[in-house]
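Single-letter residue listing:
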Amino acid sequence: MIQRIVANVGVNGVDQPSRRHRLSRNDLRILAVLIALALTASGCRQTPQDASALRDRSPARATDTAASLVVGRAPPSSGGLVSIVLLEPRPARERPVPAEPQVMDQFGLAFSPTLLLARPGQPVEFRNSEDTLHNVRVYHVESRDPAFNVSLGPFGKYVYRFERSGFYAVSCDIHPSMAADILIIDTPYAAVADNDGRFTLPDVPSGSYTLVILRGGARIERMVEIAGPRTDVGLHDRQE
Ligand SMILES: [Cu+2]
């Protein structure tokens, strides 16, 4: 059952045969717990030696201003199973919530992408890019609390800021086949890998991080050092 956790999720709006099949609420709950555990674990494993070593290695925080493009490869998608990639700074650092919105579009009677990541407080812009009336109904999966339900006329848009972390289910009542998911996650660097497993995380300050890859019920984790304008964190070939 756990293998289905992130099954049937479209990646970056790329069409997949089963992209309109939303994750089940149980699947989302399990994945939310996995992600919470991953974040907690990566935050708790820091030792005093780690902290002093980092301080010694990064005088005057000069390295924080050197941003790197981080690329890598998670296990590729198969059967619609995709990887979610998280990069946790060690030690934890504050990073301002981006002012630019994440965008979820409605076009061709489908949401795009069907899995969107955003941070708490970051604007999420819902668009209707076709000459059809849609609505957007969103609720928090774990609590089942409704977030909002708005009507979106042709070429309309609506901006919402999610404050609570977790998975949200997105649907359109007018077109019951339309469904998507939003993951609100308070981690500075998170991405959905593409079908080949490739991911990019831009503007990552130099330093030590825990790289966490979640795919279905599997969790891959390792320490990485980010430095220079581009860092390739390599290929992860462990499937389970
Ligand atoms: Cu619709």
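Right above here is the structure, for reference.
Residues numbered from 1 in each chain as written. Predicted model: local features only at pLDDT ≥ 70, side-chain atom pairs only at ≥ 80, totals over all residues.

### Some details on unusual backbone geometry
Note the threshold: Here a strand is any run of E in DSSP of at least two residues, a helix any run of H or I of at least four, and the numbering for each starts at the N terminus. Residues with at least 20 neighbouring C-beta atoms inside 10 Å of their own are called buried, those with 12 or fewer are called exposed, and the rest are partly exposed, where every C-beta is derived from the backbone.
Following S112, the chain continues into P113 via a peptide bond in cis, with omega recorded as 0 degrees. Within the secondary structure, P113 sits in the loop between strand 4 (110-112) and strand 5 (115-118). Its identity is not glycine, yet L109 carries a phi of approximately 55 degrees, on the positive side. Secondary-structure assignment places L109 in the loop between strand 3 (102-107) and strand 4. With 14 C-beta atoms counted inside 10 Å, the residue L109 sits in the partly exposed group. Backbone geometry places R144, a non-glycine residue, at a positive phi of 65 degrees.

### Side note on the environment of P146
Assignment of secondary structure puts P146 in strand 8 (residues 146-152). On the basis of neighbour count, P146 is assigned to the exposed category, with 11 C-beta atoms found within 10 Å. C-alpha of P146 to C-alpha of Y168: the two residues are 22 residues apart in sequence and 9.2 Å apart in space.

### Overview of the sheet that holds strand 9 (residues 157-161)
Put simply, the rule reads: Two strands are said to pair when DSSP picks up at least two bridges between them. Fitted lines through C-alpha atoms serve as axes, helices being fitted only where they are in contact, and the angles separating the N-to-C directions of these axes extend from 0 to 180 degrees.
Taken in spatial order, the 4 strands of this open sheet run 4-3-6-9, and their pairing is mixed. The open sheet has two edge strands with one neighbour each: strand 4 and strand 9. Each strand axis lies, on average, 20 degrees off the axis of its neighbour in the sheet, ignoring direction. Across 5 bridges, the pairing between strand 6 (residues 123-128) and strand 9 is antiparallel. Across the sheet, residue P123 finds its bridge partner in strand 9, namely R161.

### Some details on the environment of L183
What counts, and what does not: Once C-beta atoms have been placed from the backbone, residue pairs whose C-beta atoms lie within 7 Å are recorded as contacts.
Within the fold, L183 resides in strand 11 (residues 179-184). The exposure class of L183 is buried, given the 21 C-beta atoms found within 10 Å. In this structure the C-alpha to C-alpha distance between L183 and R119, which are 64 residues apart in sequence, comes to 8.3 Å. Once residues lying within four places of it in the same chain are set aside, the contact partners of L183 are L115, L117 and F167.

### A few points about the sheet that holds strand 16 (residues 230-235)
Pairing is mixed across the open sheet formed by 3 strands, whose spatial order is 13-1-16. If you trace the sheet from one side to the other, it starts and ends with strand 13 (198-205) and strand 16, each paired once. For this sheet the average axis-to-axis angle between neighbouring strands, irrespective of direction, equals 20 degrees.

### Details of the pairing of strand 6
Look at any regular strand and the pattern is simple: side chains alternate between the two faces of the sheet. Of the pairings in the sheet, the one linking strand 3 to strand 6 comprises 5 bridges and is parallel in character. Each bridged residue has a counterpart across the sheet, and for V103 the counterpart in strand 6 is E125.

### Some details on the nonpolar core
Generally speaking, a soluble globular protein has its nonpolar side chains buried in company with each other. Heads up, the condition is: What makes a nonpolar core is a set of buried Ala, Val, Leu, Ile, Met, Phe, Trp, Tyr and Cys residues, with links drawn between C-beta atoms within 7 Å.
The biggest cluster of nonpolar side chains holds 46 residues, and the ones touching the most others in it are V85, L87, Y168, V170 and I182. Among the elements that take part in this core, strand 14 (residues 207-215) stands out by supplying 5 residues, more than any other. In contact with V170, other than residues within four places in its own chain, are F111, V136, V138, A179, A180, D181 and I182.

### A closer look at the pairing of strand 10 (residues 166-171)
Bridge count for strand 7 (residues 134-140) against strand 10 is 4 bridges, and the pairing is antiparallel. The residue bridging H140 from the neighbouring strand is Y168, located in strand 10. Judged from the 6 bridges that link them, strand 10 and strand 11 form a sheet pairing that is antiparallel. Bridge pairing links F167 to L183 in strand 11.

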